Amino acid sequence: MKGSTDRMLTRIKSMYLYIKEKGSVTTEELVDEFGTTQRTVQRDLNVLEHNKLVHSPCRGKWETTKRKIKVS
């Protein structure tokens, strides 16, 4: 379980940094960029949204919030 959890956390962190760099992305763009299923991307976005790191201004589009975080 530890290996899969590490991969998930690494993917979520990478996804956050990708959205932050691009400014605004679509769910489909994330699916293509990370080579995962739409369901997996949605789960990862739910984690980011729950932690108030991203929000969706309109259906299928994602942006980072202004919340300050320290990425290590």
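Overview of the structure.

Reading the values: rules and limits
- Residues numbered from 1 in each chain as written.
- Predicted model: local features only at pLDDT ≥ 70, side-chain atom pairs only at ≥ 80, totals over all residues.
- Heavy atoms only, no water.
- Helix = DSSP H or I, 4+ residues; strand = E, 2+ residues; numbered from the N terminus.
- Contact = heavy atoms within 4.5 Å.
- Areas by Shrake-Rupley, 256 points an atom, 1.4 Å probe, with all protein chains shown as cover.
- Lys, Arg positive; Asp, Glu negative; His and termini not counted.
- Charge placed at Lys NZ, Arg CZ, Asp CG, Glu CD.
- Buried < 20%, exposed > 50% of the residue type's maximum accessible area, 1.4 Å probe, protein only.
- Core = buried A, V, L, I, M, F, W, Y, C linked by side-chain atoms within 4.5 Å.

### Quick word on the overall build of the protein
Line of reasoning, step 1. In terms of helices and strands, the protein carries 3 helices and 3 strands.
Line of reasoning, step 2. When its helices and strands are written in sequence order, the protein yields α-β-α-α-β-β.
Line of reasoning, step 3. The C-alpha extent of the protein, read off along each of the three principal axes, is 35 × 25 × 20 Å.
Line of reasoning, step 4. For the protein, long-range pairs separated by at least 24 residues make up 45% of all intrachain contacts whose partners lie at least 6 apart in sequence.
Line of reasoning, step 5. Of the roughly 5100 Å² of accessible surface on the protein, 52% is carried by carbon and sulfur atoms.
Line of reasoning, step 6. Of the charged side chains in the protein, 15 are positive and 9 negative; the average position of the first set lies 8 Å away from that of the second.

### Section: the side chain of Thr27
Line of reasoning, step 1. Looking at the element boundaries, Thr27 is found in helix 2 (residues 27-34).
Line of reasoning, step 2. The class of Thr27 is buried, set by a relative accessible area of 7%.
Line of reasoning, step 3. Those residues in contact with Thr27, other than ones at most four positions away along the chain, are Gln38, Val41, Gln42, Leu45, Gly60 and Trp62.

### Considerations on the nonpolar core
Line of reasoning, step 1. Residues Ile19, Leu30, Leu45 and Val54 are the most contacted members of the largest nonpolar core, which totals 14 residues.
Line of reasoning, step 2. Going through the elements one at a time, helix 1 (2-22), helix 2 and helix 3 (38-50) are the ones with two or more residues in this core.
Line of reasoning, step 3. It is helix 1 that provides the largest number of residues to this core, a total of 5 residues.
Line of reasoning, step 4. The residues touching Leu30, leaving out its near neighbours within four places in the chain, are Met15, Tyr18, Ile19, Val25, Gly35, Val41 and Leu45.

### Quick notes on the environment of Lys61
Line of reasoning, step 1. Along the chain, Lys61 turns up in strand 3 (residues 61-64).
Line of reasoning, step 2. On a C-alpha basis, the gap between Lys61 and Val25 in space is 5.6 Å, while along the polypeptide they are 36 residues apart.
Line of reasoning, step 3. Not counting chain neighbours up to four residues away, the residues in contact with Lys61 comprise Ser24, Val25, Thr26, His55 and Ser56.

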